[in-house]
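Architecture at a glance
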Amino acid sequence: MDPDSLSKAFVEHYYTTFDSNRLNLMGLYQESSMLSFEGEKIQGAQNISNKLNSLPFQQCKHNISTVDCQPSGPAGGMLVFVSGNLQLPGEEHALKFSQMFHLIPTAQGSFYVFNDIFRLNYA
Amino acid sequence: MDPDSLSKAFVEHYYTQFDTNRIALVSLYDEASMLSFEGQQIQGAHNIAAKLNGLPFEQCKHIISTVDCQPSGPLGGMLVFVSGSLQLPGEEHSLKFSQMFHLLPTPQGSFYIFNDIFRLNYA
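For clarity, every value in this text was computed on a predicted model and none was experimentally measured. (Residues numbered from 1 in each chain as written. Chains lettered and ligands numbered in written order. Predicted model: local features only at pLDDT ≥ 70, side-chain atom pairs only at ≥ 80, totals over all residues. Heavy atoms only, no water.)

Attention now goes to the packing of aromatic side chains. In this structure the tally under the stated criterion is 19 aromatic pairs over all chains. Pairing F81(A) with F81(B) gives two aromatic rings, centres 5.7 Å apart and planes at 70°, and the pair type is edge-to-face. Taken together, the residues span two chains, with F81(A) in strand β4 (residues 78-87) and F81(B) in strand β4 (residues 78-87). Taken together, F10(A), Y14(A), Y15(A), F18(A), F37(A), F97(A), F101(A) and F118(A) form an aromatic cluster joined through their ring pairs. (Phe/Tyr/Trp six-rings, centres within 6.5 Å; stacked < 30°, edge-to-face > 60°. Helix = DSSP H or I, 4+ residues; strand = E, 2+ residues; numbered from the N terminus.)

Quick look at the structure:
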């Protein structure tokens, strides 16, 4: 699959999992994975999963506006840069966000998230 | 220098150059460098410099709100994720943007930009 299709497929899978089955996100990270969430730094699949599963909302919907991707170097990694908005139930206005992922290939021919940086874009 | 200080120093240098001496940006990229600028993909220092110098404004000021960084893997690379606003002369409202850089070390102990992705954040 070409990089653009791969990154779009990853983005769709990631946010669908986040919005419908958040516990399953843990399988996309490994022990060495890093997340920066609004400036807070977290390392490791378990800690990252704890952070994402304890965010102060049960339900949410990510709407993706843009997806850009580039290969990150000779090791087959991919950088994916996303912008969109996050709808929370009961909130009139959606929150705008930007997020970047650095995906590294696994031995099984899939990808895992090595780097993840998330920021809300305030008005 | 620790990664956080390195990334802040890089960000300050990059945007100061952009705002005061845009032609000098060419030396921060090399032949393999990639830029995605509002979805347009450009490769190579020369083409990237041509794109940035060909943007439809003579003057601008970048104001940085957030800088996040993480190491990108075993090669000593650094991912830098920036959000801020771009002021153009004569425009009442500044444009919000997000940008990510993947910096790789040079033999001389400096860094160059291998990956660069820029997106405006529309309201």
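Attention now moves to helix α1 (residues 3-20) of chain A. Residue and element names in this part refer to chain A. Along its 18 residues, α1 runs 25 Å from first to last C-alpha, staying within 8% of the 26 Å computed at 1.5 Å per residue. Among all positions in α1, only S7, F10, V11, Y14, Y15, T17 and F18 are buried. For α1, the angular spread of buried residues about the axis comes to 155°, placing them on one side. Structural note: α1 exposes E12 and S20 on the side pointing more than 90 degrees away from its buried face. (Expected span 1.5 Å × (residues − 1). Buried < 20%, exposed > 50% of the residue type's maximum accessible area, 1.4 Å probe, protein only. Arc of directions from axis to C-beta.)

Take the UniProt feature "domain: NTF2" (unreviewed entry) in chain B next. UniProt's entry tags residues 6-120 of chain B with the feature "domain: NTF2" (unreviewed entry), counted in the numbering of this structure. Taken end to end, residues 6-120 of chain B comprises 21% helix and 48% strand; its first and last C-alpha atoms sit 25 Å apart. (UniProt positions renumbered as here; feature names shortened; annotations may be inferred.)

Residue and element names in this part refer to chain A. Relative to strand β6 (residues 111-120), strand β1 (residues 29-37) runs parallel, the two sharing 5 bridges. Directly across from L35, in β6, lies its bridge partner D116. When β1 meets strand β2 (residues 40-43), the two strands line up antiparallel, connected through 4 bridges. Note that in β2 the partner of S36 across the bridge is K41. Here β1 folds back onto β2, and the loop between the two strands holds 2 residues, one of which, E38, carries a positive phi near 50°. (Pairing = 2+ DSSP bridges.)

A few words on unusual backbone geometry. Most peptide bonds are trans, and most residues other than glycine sit at a negative phi. With a phi angle near 50°, E38(A) is a residue other than glycine that sits in the positive phi range. Note that E38(A) resides in the loop between β1 and β2. On the basis of relative accessibility, which here comes to 28%, the residue E38(A) falls in the partly exposed class. The phi dihedral of E38(B) is positive, around 50°, even though this residue is not glycine. Within the secondary structure, E38(B) sits in the loop between β1 (29-37) and β2 (40-43).

Once that is clear, we can look at the side chain of D116(A). Relative to the elements of secondary structure, D116(A) occurs in strand β6. Buried charge without a salt bridge: D116(A), with R119(A) as the nearest opposite-charge side chain at an N-O distance of 11 Å. A polar side-chain atom of D116(A) sits 2.8 Å from a polar atom in the side chain of Q99(A). Not counting chain neighbours up to four residues away, the residues in contact with D116(A) comprise Y14(A), Y29(A), M34(A), L35(A), S36(A), Q99(A), M100(A), F101(A) and Q70(B). (Lys, Arg positive; Asp, Glu negative; His and termini not counted. Salt bridge = Lys/Arg side-chain N within 4 Å of Asp/Glu carboxyl O. Polar contact = N/O pair within 3.5 Å; in protein donor to acceptor, adjacent residues only side chain to side chain. Contact = heavy atoms within 4.5 Å.)

Another point: the confidence of the model for chain B. Confidence in the prediction for chain B averages 96 pLDDT; 100% of positions are at 70 or higher. Here the predicted complex carries an ipTM of 0.96, next to a pTM of 0.97. (pLDDT = per-residue confidence, 0-100.)

Before going further, it helps to examine the pattern of salt bridges. Residues and elements named next belong to chain A. Taken as a whole and assessed by the stated rule, the structure comprises 4 salt bridges over all chains. Note that E40 and K51 form a salt bridge whose closest N and O atoms lie 2.9 Å from each other. Here E40 is found in strand β2, whereas its partner K51 is found in helix α2 (residues 45-53), with 11 residues between them in sequence.

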